[in-house]
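# A closer look at the structure
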Amino acid sequence: MLQGKLYGSPQAAVADIQDGSTILVAGFAGYGVAERLLSALLEVGSKDLTLIYRDGPYSEIGSGPLPSIENLVSNGQVSKLISPIPYSPGGGGTIEECWQAGQLEIEIVPQGILVERLRAGGAGIGGVFLPTAVGTRFESGRERRTFPQGEAVLELPLKADYALIKVAVADTLGNSIYDGSSRNWAPVMAMAARITVAEAERIVEPGELDPEAIISPGIFVNRIVAAA
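To keep things clear, this report deals only with the structure shown in the data block. Predicted model only: the values in this text are computed from it and were never measured.

## Thoughts on the pairing of strand β1 (residues 22-25)
Side chains T22 and L24 project from β1 onto one buried face, and the interleaved I23 and V25 project onto a second face that is buried too. Bridge analysis of β1 against strand β2 (residues 49-53) gives four bridges, and the strand direction is parallel. Bridging across to β2, T22 finds its partner in T50. One crossover worth recording links β1 to the parallel β2 by way of helix α2 (residues 35-44), and it is right-handed.

## Some words on the pattern of salt bridges
A side chain of one charge can pair with a side chain of the opposite charge if their charged atoms are brought near each other. Tallied over the entire structure, the rule returns 11 salt bridges. Residues E107 and K80 are paired through a salt bridge, measuring 3.2 Å at the closest nitrogen-oxygen approach. Remark: K80 occurs in strand β5 (residues 78-83) and E107 occurs in strand β6 (residues 105-108); sequence separation between them is 27 residues. Under the relative-accessibility criterion, K80 is labelled buried at 19%. One salt bridge in this structure joins R142 and E155, with 3.1 Å as the shortest N-O distance. Linking R142 in the loop between β7 (128-130) and β8 (144-147) with E155 in strand β9 (residues 150-155), this pair joins segments that are 13 residues apart in sequence. A relative accessible area of 2% means that E155 is categorised as buried.

## Here's the deal with the side chain of S182
As for its placement among the helices and strands, S182 is situated in the loop between β11 (176-177) and α6 (186-192). With a relative accessible area of 13%, S182 lands in the buried category. Those residues in contact with S182 that sit more than four places away from it in its chain are Y31, G32, K166 and P187.

## Structural notes on the nonpolar core
Counting residues in each nonpolar core, the largest one holds 33 residues, and the members touching the most others are L24, L114, L118, I165, V167 and M189. Within the residue set of this core, elements represented by two or more residues are α5 (111-123), β7, β10 (160-171), α6 and β12 (193-204). In contact with L118, not counting residues within four places along its chain, are L24, L158, W185, V188, M189 and A192.

Procedures and definitions
Residues numbered from 1 in each chain as written. Predicted model: local features only at pLDDT ≥ 70, side-chain atom pairs only at ≥ 80, totals over all residues. Heavy atoms only, no water. Buried < 20%, exposed > 50% of the residue type's maximum accessible area, 1.4 Å probe, protein only. Helix = DSSP H or I, 4+ residues; strand = E, 2+ residues; numbered from the N terminus. Pairing = 2+ DSSP bridges. Right-handed = clockwise from strand over helix to strand, strands pointing away. Salt bridge = Lys/Arg side-chain N within 4 Å of Asp/Glu carboxyl O. Contact = heavy atoms within 4.5 Å. Core = buried A, V, L, I, M, F, W, Y, C linked by side-chain atoms within 4.5 Å.

Structure representation (structure tokens):
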């Protein structure tokens, strides 16, 4: 570690991720993925991981291959996935193979429910009642209540040990700004993790960011590493 929240390498930033950890992986439609942090996690080799993410692994983005959730599964590091879309339909690859072989547990959580559970975890509240799962298989084992607006099912908060996020700009205090769709999942994941590690395209000194543009305050970002 160089100073404060700034780390000299992605390997140093994730070196203490232990076996059995739960990790939030930000990204939306293949963008806003903390590529260097995922690659470093492969090198660290932590096992029995639970990964929570929004959509398919996207092993290739742009001009070439990038580290992905599928790589971690292939390396035998993952025991469970929680996601609305754990793999791309019609092209599940290693993830689908490991699941069908009984080597990997998969929990499907609809996108809206997943984000609200993460929001509840980050806010420190006991859960939220949502109508989404009423009358579906996702209701199984959950409490149902009737409200003036209709029936709803209790969804419990979801928290994690670590969050790996990508940001456009961060100052050395951790205050962060996102670029485009990177903002879709990273802010709520940053709040729901015990330790949030941000891979930043640019790092600046405190006071250089417009306070009105900051999306994730530094209180939610524990570690920062340069994206390149």
